[in-house]
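Structure at a glance
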Amino acid sequence: MNINVSSLLYPEKPVDAFIIPLPENPLPLSGFAKLFDNATSNSISNFLELGDFQGKFLETAVIYLPDSHFSKRIILVGLGKQSEIDLEKIRGVFAKGVNLARDLKARNVGTEIDEELCKLSRAEALVALVEGVCLGFYSFNRFKTTDKDKTHEIEELTVYSGTKSFLDELRALVRKTEIVCEATNFARDLVSMPANFMKPRDLADVAIDLAKSRKEVEVEILEKDEIEKLGMNAFLGVAKGSHEPPKLIVVKYRGVGEDKDPIVLIGKGLTFDSGGLSLKSAEKMEEMKSDMAGAAAVLGTIRALSDLSFPVNVVGLIAATENLPGGGALKPGDILKSLSGKTIEVINTDAEGRLTLADAIAFAHRFKPQAIIDIATLTGACVVALGEDLTGMFGNDERLKSRIKMAGEKTGEFVWELPLWNAYEELIKSEVADVKNTGGRQAGAITAALFLKHFVGDVPWVHLDIAGTAWRSKGKSYISKGASGVGVRLLVELITEWQRKAADGT
């Protein structure tokens, strides 16, 4: 779908559908809705007087205009209470509107951003509109062989601005938002791939392909023997139960000079997690293909930064493997010597992600990072605590945590800080090693983060637990059931604002 911004107030020739968001109790009409109503012989107000549409959030109605010079249909979408309209509501409303237009087999669709109505700047509302459309339109049907060709697609969506002011800036903003959303949907595709098509080698190939068409991106794939020489035995311990060899994927994006220290992003890359010998229950085990959602978020973020030619250096690290109960699998009670030199007692082989991340965090120090951010589907405890709408955040740097929180509020990928409660260190204290890999069920998300902290040192660091937010058991207004692509928009917004403040000296 091509998304364009026009300086016209109305279409020059009738579009197939025109989307108009309205708040609860929409009469009397105001702003753009009133203008459009006047231009179409009071079609909207006459319809609203029937009482069939109340403007409740995501409520829809279609008005047919067979003789209109502007549109064949008006699609009304409810915004809910006007006092509660925010970026999330805008995203949801336009996702709903374009999907209804697609169901109606519209090919050319128009809409308008009414600043007076939504109390947001035109730029903010436009970004939310594009996000809602691009993310809400997503579906994963790669393996369908029937009805695949019957899916109707909208060819063009035009946002009519009614002004030539800032038109080039608005169009550039649309393209930037599309790039970030395309990277998010790229991450969703990776997470949605079944594990037999997304093994560690396949994830490595994705990274290699990413670099082939982007000169600022370099990829290095470290094989099992190289990983052994490095001494990444925590990572290798997880890989022992699988016939698939592990891959340490190093992706470097260089957007500025080599003298600038990078931000290191680490993504958990378990392409399938059975739990190992501490086997998970069969129920919903098929969703464990999503245990590499952190890796997908890192690759998606680097793709977006590169396509935006963003002036920053970033290193992405992914310790990719499967966690399976093969003959050589890691056993409860085993002790591993990590890359950092610290020894780890394995209590539960299903607490495997933190083992791979421990070695990846230690490996990250060789890049002299400005900061380390790891993103991982790490603990079921975080899902219990925060559900599917909030990502758990832990960290040792207040400024970095504050920036991530603000990025979450702007993108709708909300984070909620949980404490690195030092008293709980006792729960992961081992009698036979430096640390053990789980402290039991109590405070499970916190003890997992405390475990990772052992390998961080003094570098500014944040851990994002996306176990709840990476895979949705049911959809929300603009994100369908399944892979959400969480992390890409959050990290791109974080890095964008971080670099802007650095340039301003703030």
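The structure under discussion appears in the preceding block.
So, here is what we can say about the structure in this document. Given the structure is predicted, the values throughout are model-derived calculations rather than measurements.

Within the protein, the secondary structure is distributed over 15 helices and 19 strands. By the compact-globule yardstick of 23 Å for 506 residues, the protein fits well, its C-alpha radius of gyration being 25 Å. By principal-axis analysis of the C-alpha atoms, the protein measures approximately 80 × 50 × 45 Å. Across the 506 residues of the protein, 58% fall into the buried class. Looking at the protein, you have 62 positive and 71 negative side-chain charges, and the mean spots of the two groups are 1 Å apart.

For the rest of this paragraph, the subject is the packing of helix α13 (residues 398–411) against helix α15 (residues 488–504). The interhelical angle for the contact between α13 and α15, taken along N-to-C directions, is 120°, at an axis separation of 8 Å. Taken as axis vectors, α13 and α15 run oblique relative to one another. Relative to α15, the crossing made by α13 is right-handed. Where α13 approaches α15, its residues L400, R403, I404, M406, A407, G408, K410 and T411 are matched on the opposing element by R489, L490, E493, L494, W498 and K501. Split into classes, the residues belonging to the contact of α13 with α15 amount to seven nonpolar, two polar and five charged.

Bringing the pairing of strand β4 (residues 73–78) into the picture now. Burial analysis of β4 places six of its six residues in the buried class, the great majority of the element. As judged from the five bridges shared by strand β3 (residues 60–64) and β4, these two strands associate in the antiparallel manner. Note that in β4 the partner of A61 across the bridge is L76.

Looking now at the packing of aromatic side chains. All chains considered together, the criterion is met by 12 aromatic pairs. Ring geometry for F18 against F32: centres 5.7 Å apart, planes inclined by 20°, an arrangement best described as stacked. Of this pair, F18 sits in strand β2 (residues 17–22) while F32 is found in helix α1 (residues 31–39), placing the two residues 14 residues apart along the sequence. Plain terms: the ring middles of F363 and F367 are 5.8 Å apart, the flat faces sit at 70° to each other, and that makes the pair edge-to-face. For the pair F363 and F367, a shared accessibility class is recorded, and that class is buried. By way of ring pairs, the aromatic residues Y10, F18, F32, F36, F70 and Y160 are connected into one cluster. Above the ring of F57, the side-chain terminus of K89 is found at 5.1 Å from the ring centroid. Sitting above the plane of the F137 ring, R102 keeps its charged end 3.9 Å from the centroid.

This part is about the sheet that holds strand β13 (residues 371–376). One open sheet accounts for eight strands, arranged β7-β8-β10-β9-β13-β17-β14-β15; its pairing is mixed. Here the strands that pair on one side only, and so sit at the sheet edges, are β7 (217–222) and β15 (415–417). For this sheet the average axis-to-axis angle between neighbouring strands, irrespective of direction, equals 20°. With eight bridges connecting them, strand β8 (residues 247–254) and strand β10 (residues 313–323) associate as antiparallel partners. Bridged to K247 within β10 is A320.

Assignment of secondary structure puts S290 in the loop between β9 (263–273) and α10 (293–307). At 2.6 Å, the side chain of S290 and the backbone oxygen of E287 are in polar contact. For S290, the contacting residues outside a window of four places in its chain are V191, T377 and W471.

The end-to-end C-alpha separation of α10 is 21 Å, in line with the 21 Å expected for 15 residues at 1.5 Å each. For α10, the buried fraction is high: 14 of the 15 residues fall into the buried class. Positive backbone phi, at 50°, marks S309, one or two positions downstream of α10.

On to the pattern of salt bridges. Under the definition given, this model contains 29 salt bridges. With its nearest N and O atoms 3.0 Å apart, the salt bridge here joins K268 to D291. One end of the pair, K268, is in strand β9; the other, D291, is in the loop between β9 and α10, and 23 residues separate them in sequence. For K268, a relative accessible area of 2% puts it in the buried group. The closest approach of N and O atoms between K401 and E417, which form a salt bridge, is 2.6 Å. Linking K401 in helix α13 with E417 in strand β15, this pair joins segments that are 16 residues apart in sequence. Taking the relative accessible area as the measure of exposure, K401 reaches 5% and is therefore buried. Shared partners join several salt bridges into a network, and the residues in it are E88, R91, E131, E413, K476 and R489.

Turning our attention to a negative patch on the surface. A surface patch of negative charge is lined by E220, D225, E226 and E228. Residue contributions to the negative patch peak at three residues, all from helix α8 (residues 224–230). Structurally, the position occupied by E220 is in strand β7.

All right, on to the nonpolar core then. The biggest cluster of nonpolar side chains holds 58 residues, and the ones touching the most others in it are L203, I249, L299, I404 and L464. Here the element with the most residues in this core is α10; it accounts for nine residues. When residues no more than four places from it in sequence are discounted, the contact partners of L299 are F186, L190, L203, V206, A207, L210, V251 and I318. If you look at the next biggest cluster of nonpolar residues, it comprises 50 residues, including L270, A360, I372 and A376.

This next bit is on the sheet that holds strand β12 (residues 343–345). Strand order in the open sheet formed by three strands is β11-β12-β16, with mixed pairing between adjacent strands. Of all the strands in the sheet, just β11 (335–337) and β16 (435–436) have a single pairing partner and so form its edges. Where β12 lies against β16, two bridges are found, and the strand directions are parallel. The residue bridging E345 from the neighbouring strand is K436, located in β16.

With respect to the element layout, D189 can be found in helix α6 (residues 167–192). Separated by 31 residues in the primary sequence, D189 and T158 place their C-alpha atoms 27 Å from one another. Sequence-distant contacts of D189, that is, excluding residues within four places in its chain, are made with Y138, F140 and R142. At 2.7 Å, the side chain of D189 and the side chain of Y138 are in polar contact.

Analysis parameters
The residue numbering used here restarts from 1 in each chain and proceeds along that chain's sequence as written. Reporting of local features is limited, given that this is a predicted model, to residues whose pLDDT is at least 70; pairs of side-chain atoms are given and counted only at 80 or more, and all residues count toward the totals for whole chains, interfaces and linings. Note: side-chain values were computed over all heavy atoms of the structure, leaving out hydrogens and water. Think of it this way: any DSSP run of H or I at least four residues long counts as a helix, any run of E at least two long counts as a strand, and we number them from the N terminus. We compute the radius of gyration from the C-alpha atoms alone; for a globule the expected value is 2.2 Å times N to the 0.38, where N is the number of residues. Throughout this description, buried means an accessible area under 20% of the type-specific maximum (1.4 Å probe, protein chains only), exposed means over 50%, and partly exposed covers the range between. Positive: Lys, Arg. Negative: Asp, Glu. His and the chain ends are not part of the count. Throughout, a charge is located at the NZ atom of Lys, the CZ atom of Arg, the CG atom of Asp or the CD atom of Glu. Geometry is summarised by axes, namely lines fitted to C-alpha atoms with helices restricted to the contacting stretch, and by angles between N-to-C directions that run from 0 to 180 degrees. Every angle not falling under 35 degrees, over 145, or within 65 to 115 is termed oblique; those three ranges are roughly parallel, roughly antiparallel and roughly perpendicular. Here a crossing is called left-handed whenever its near helix is offset anticlockwise from the far helix by less than a right angle, and right-handed whenever the offset is clockwise. By definition in these notes, contact holds between two residues if any of their heavy atoms fall within 4.5 Å. Nonpolar residues are Ala, Val, Leu, Ile, Met, Phe, Trp, Tyr, Cys and Pro. Charged residues are Asp, Glu, Lys and Arg, and all others, Gly as well, are polar. Here, a strand pair is defined by DSSP locating no fewer than two bridges between the strands. Pairing of aromatic rings covers Phe, Tyr and Trp, the last counted by its six-membered ring, and requires centre-to-centre distances within 6.5 Å; plane angles under 30 degrees mean stacked, over 60 mean edge-to-face, and any other angle means tilted. In this scheme, Lys NZ or Arg CZ marks a charge over a ring once it lies within 6 Å of the ring centre and within 35 degrees of the ring normal. A 3.5 Å cut-off defines polar contacts: any pair of N or O atoms within that distance qualifies, except that in protein one atom must be a possible hydrogen donor and the other a possible acceptor, and neighbouring residues in sequence count only when both atoms are side-chain atoms. Each residue after the first adds 1.5 Å to the expected span of a helix. Salt bridges, as used here, are contacts in which a Lys or Arg side-chain nitrogen is within 4 Å of a carboxyl oxygen on Asp or Glu. For patch building, the residue pool is restricted to those with more than 30% relative accessible area and no salt bridge; the joining distance is 9 Å between like charges and 5 Å between nonpolar side chains (Val, Leu, Ile, Met, Phe, Trp, Tyr). All accessible-area figures derive from a Shrake-Rupley calculation using a 1.4 Å probe, and residue coverage is judged against the displayed protein chains alone. Residues belong to a common nonpolar core when they are buried Ala, Val, Leu, Ile, Met, Phe, Trp, Tyr or Cys residues joined through side-chain atoms within 4.5 Å.

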